[in-house]
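# Structural features, examined
One-letter residues, chain by chain:
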Amino acid sequence: MVANPIDMTVLEKDDIQGLLLRGHGQLSSASYLLYAFTNPAKARHFLQVLVPKVTTAAEKPEDTAIQIALTYDGMAYLNLPDPVMQSFCREFKEGMTAAHRQFILGDTGENAPKNWNWGEKSPHFMLMVFGKSPEALQLALAEVNALTSSHGITALHVLPTGMLHNRKEHFGFRDDISRPVIRELLKNPENAQEETFPAGEFIMGYKNLYEEYASCPTVPAAMDKKGDLPPHPDDSNLKDLGKNGTYLVFRQMEQKVHAFWQYMKAQSKDNQSAIALASKMVGRWPDGSPLTLCPARPTPSLSEANDFGFWQDDKAGLKCPIGSHIRRTNPRDHLVTETSQKDSTEMAAKHRMIRKGRPYGPPFVPDLNPEKMITRKEDNQERGLHFICMVTDIRRQFEFVQNNWVNFHKFGGLEHDADPIIGNHYHNESRKTDEFSLPQYPVRRKLDQLPNFTLIKGGAYFFFPGIKALQYMADHD
Ligand code: HEM
């Protein structure tokens, strides 16, 4: 019998973990739990029990959801065969804290892994548990605890995470506005208003922007004894372990909110100018409206606006500075190194990521109003962002942005700047990245001595498998 060719344009939602296609926004309470296995056989049994409980993208969970992600060390602990382990990408195999990677990511100085709370030694896996209320979350966590402890699994860290007022992050800015739209999810992609992306940029087993299947981990066909996995689309000797999965990049980033607003205040004549300066650093006003479209003041009707570029109206960055956070992390149609608007758009598209971060810690002021944050005293509480992004190519997508755009001091013709919000700022003459240039007419303004407003507290690269891949890991012995 000849198998039907797989229709690559239909996403297999029942094999994709829900978080990849949804934000679980209705489940506002959540906890990320980091674990170590202590026995390979028990670990596999744990996965057997867990598989049917994992939330897929085919369902919209009303009450609770559970997702799982594993590190390279975690999968090695399951004794997956060597050819399988070797088939993962180099970045994942080496891990986020490999010595040379610390330079790629800017995890040096006070951000070096030796100063992190977790991640210098890789956890084996992470469970992400979501609940519609704190009570629903507690119930789900109790079930998870019972399951992990009965399988001898050691809990390493519990990272409670939540959502803040009006979907803001801790500095007081609306987050989660700009999101790449996956073409295969649209009924009529040809009529889409926004730029769309082939699923393979974010989900393995589908074609990417290069019209190729995203590189993915594989299993020699003979080693998939129970026939859990789909065939590899390009090689009949292999099974596709990556199909419907992706890589998940996790960075726990502490935010120094008091220091952030005190810096803005010290550089400004009044509160309004301090808020305008912070907005220049982000590239959007606190309500989300983009400076490119409304440079003079926030415009609530534009708070979710995402259909804009920099090439036509803001080449010099007079409205939205070239070094601002959103312009560095997605230069859209104005990459200074590119020769046309189209080239730039195509180039920038190859470095997008699906962000799924959630804040942690108490808000500095409950409604995150910047005016109140400017006047409030330091409370010495830890708060920040559990930054999460999902990509099929860690190097081309996450690491490229972090290395070539966020931390590059000469980005866009600048000299000593790094991303003002998340960059690692160095103050030495031999290595200076603590300036922020504000293009202005007739003479630009330059700020100096930017402290680090964010600090890395932990992190790891995870594989976020499809359900069949998880089943294969559970079945393998
Ligand atoms: C504590 C850390 C961070 C904070 C407070 C933060 C804050 C923000 C805010 C307020 C926005 C604008 C809202 C939006 O466009 O959705 C934004 C956008 C964005 N951020 Fe971050 N971010 C952080 C870390 C990161 C990291 C580590 C990366 C990746 C290296 C990143 C990549 C992006 C991208 C790609 C966008 C969308 C840009 C666009 O398409 O216009 N962010 N961030």
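What you see is a predicted model; the values in this text were computed from it and never measured.

### Comments concerning the nonpolar core
Nonpolar side chains tend to gather and get buried jointly when the protein is soluble and globular. The biggest cluster of nonpolar side chains holds 65 residues, and the ones touching the most others in it are Phe-92 and Leu-127. The greatest single-element share of this core, amounting to six residues, is contributed by helix H14 (residues 467-475). Leaving out residues up to four positions away in the same chain, Leu-127 has contacts with Ser-31, Tyr-32, Leu-33, Tyr-35, Phe-46, Leu-50, Gln-67, Ile-68, Val-144 and Thr-148. With 32 residues, the next largest nonpolar core counts Ile-16, Ala-69, Ile-182 and Ile-354 among its residues.

### Let's talk about the site of the ligand
The full set close to the ligand counts 25 residues, and Ile-177, Ser-178, His-325, Arg-332 and Arg-355 are the nearest of them. Asp-176 is positioned such that a nitrogen or oxygen atom in its backbone is 3.2 Å from an oxygen atom of the ligand. Arg-332 places a polar side-chain atom, nitrogen or oxygen, 2.7 Å from an oxygen atom of the ligand. Those elements that place two or more of their residues in the shell around the ligand are strand S10 (246-255), helix H10 (325-329), strand S13 (384-391) and helix H13 (395-406). Broken down by element, the residue count for the shell around the ligand peaks at three residues, all from H10. A per-class count over the shell around the ligand returns ten nonpolar, seven polar and eight charged.

### Looking at the packing of helix H8 (residues 257-266) against helix H9 (residues 271-282)
At a minimum axis distance of 8 Å, the contact between H8 and H9 shows a crossing angle of 115 degrees. With respect to the hand of their crossing, H8 and H9 are arranged in right-handed fashion. Across from Phe-260, Trp-261, Tyr-263, Met-264 and Lys-265 in H8, the residues of H9 making contact are Ala-274, Ile-275, Leu-277, Ala-278 and Met-281. Class assignment for the residues of the contact of H8 with H9 results in nine nonpolar, no polar and one charged.

### Some points on H8
For an α-helix, 3.6 residues make a turn, and residues three or four places apart therefore share a direction. Considered for burial, the residues of H8 that qualify are Val-257, His-258, Phe-260, Trp-261, Tyr-263 and Met-264. Each element contacted by the buried residues of H8 is listed here: S10, H9, helix H12 (370-375) and strand S15 (445-447).

### A few points about the packing of helix H2 (residues 40-50) against H14
Between two packed helices, both the angle of their axes relative to each other and the distance between the axes serve to describe the pair. One way to put it is that H2 packs onto H14 with a least axis distance of 8 Å and a crossing angle of 145 degrees. As for the relative orientation of H2 and H14, their crossing is left-handed in sense. Residue-level contacts link Arg-44, Leu-47 and Gln-48 of H2 to Leu-470, Gln-471, Met-473, Ala-474 and Asp-475 of H14. Partitioned by chemical class, the residues of the contact of H2 with H14 number four nonpolar, two polar and two charged.

### Considerations on the packing of aromatic side chains
Tallying each qualifying case throughout the model produces 22 aromatic pairs. Each ring, one from Tyr-263 and one from Phe-453, has its centre 5.7 Å from the other, and the planes form 70 degrees; the classification is edge-to-face. With Tyr-263 in helix H8 and Phe-453 in the loop between S15 and strand S16 (454-464), the pair connects residues that are 190 residues apart, well separated along the chain. For Tyr-263, a relative accessible area of 9% gives the class buried. An aromatic cluster is defined as three or more aromatic residues linked by ring pairs; in this entry it consists of Phe-171, Phe-173, Phe-260, Trp-261, Tyr-263 and Phe-453. Taking NZ or CZ as reference, Arg-332 lies 3.9 Å from the ring centre of Phe-308, over its face. The ring of Tyr-426 is capped by Arg-431, whose NZ or CZ atom sits 4.0 Å from the centre of that ring.

### Overview of the sheet that holds strand S8 (residues 231-232)
Read from one edge of the open sheet, three strands run S7-S9-S8, paired in antiparallel fashion. Sheet topology places strand S7 (218-220) and S8 at the edges, where each strand pairs with a single neighbour. In the sheet, S8 pairs with strand S9 (residues 235-240) via two bridges, with the strands oriented antiparallel. Along S9, the bridge assignment pairs Pro-231 with Lys-239.

### Regarding the pattern of salt bridges
As enumerated under the stated definition, the model contains 27 salt bridges in all. Ionic pairing is found between Arg-101 and Glu-399, a salt bridge with its closest N-O pair at 2.6 Å. A residue pair is termed long-range when its members are at least 10 positions apart, and Arg-101 in helix H6 (residues 99-105) and Glu-399 in helix H13 qualify at 298 residues. Each member of the pair Arg-101 and Glu-399 is classed as buried.

### Notes on H14
Of all the nine residues making up H14, seven are buried; the element is thus mostly covered by neighbouring parts of the structure. Residues Ile-467, Ala-469, Leu-470, Tyr-472, Met-473, Ala-474 and Asp-475 constitute the buried set of H14. Tucked into the core, H14 has its buried residues touching H2, strand S2 (64-70), helix H3 (72-77), helix H4 (82-86), S7 and S16.

### Considering the environment of Asn-145
On the secondary structure map, Asn-145 appears in helix H7 (residues 134-150). The class of Asn-145 is partly exposed, set by a relative accessible area of 40%. Each C-alpha atom of the pair Asn-145 and Ala-155 lies 8.8 Å from the other, and the pair is ten residues apart in sequence.

Thresholds applied
- Residue indices follow the written sequence of each chain, beginning from 1 at its first position.
- Thresholds applied to this predicted model are a pLDDT of at least 70 for local features of residues and 80 or more for the giving and counting of side-chain atom pairs; totals over whole chains, interfaces and linings are not thresholded and use all residues.
- Hydrogens and waters are ignored; side-chain quantities use all the structure's heavy atoms.
- For this analysis, a nonpolar core means a set of buried residues of the types Ala, Val, Leu, Ile, Met, Phe, Trp, Tyr and Cys, connected via side-chain atoms within 4.5 Å.
- Under the scheme applied here, a residue whose accessible area is under 20% of the maximum for its type counts as buried, over 50% as exposed, and between as partly exposed, the area being computed with a 1.4 Å probe on protein chains only.
- For the purposes of this entry, the term helix denotes a DSSP run of H or I that reaches at least four residues, the term strand denotes a run of E that reaches at least two, and both are numbered from the N terminus.
- Residue contacts follow a heavy-atom distance rule, with two residues in contact if any of their heavy atoms lie within 4.5 Å.
- By convention in these notes, a residue is near a molecule or strand provided one of its non-hydrogen atoms lies within 4 Å of it.
- Here a polar contact is recorded for every N or O atom pair within 3.5 Å, except that within protein the pair must consist of a potential hydrogen donor and a potential acceptor, and residues adjacent in sequence are included only if both atoms are side-chain atoms.
- Residue polarity is assigned by list, with Asp, Glu, Lys and Arg as charged and Ala, Val, Leu, Ile, Met, Phe, Trp, Tyr, Cys and Pro as nonpolar; anything else, Gly included, falls into the polar class.
- Note on definitions: angles span 0 to 180 degrees between N-to-C directions of axes, and those axes are lines fitted to C-alpha atoms, for helices only across the stretch in contact.
- Handedness of each helix crossing follows the sense of rotation of the near helix against the far helix: counterclockwise by less than a right angle gives left-handed, clockwise gives right-handed.
- Pairing of aromatic rings covers Phe, Tyr and Trp, the last counted by its six-membered ring, and requires centre-to-centre distances within 6.5 Å; plane angles under 30 degrees mean stacked, over 60 mean edge-to-face, and any other angle means tilted.
- Note on criteria: charge over ring means Lys NZ or Arg CZ within 6 Å of the ring centre, with the direction from the centre no more than 35 degrees off the ring normal.
- Here, a strand pair is defined by DSSP locating no fewer than two bridges between the strands.
- Each salt bridge in this description consists of a side-chain nitrogen of Lys or Arg and a carboxyl oxygen of Asp or Glu lying within 4 Å of one another.

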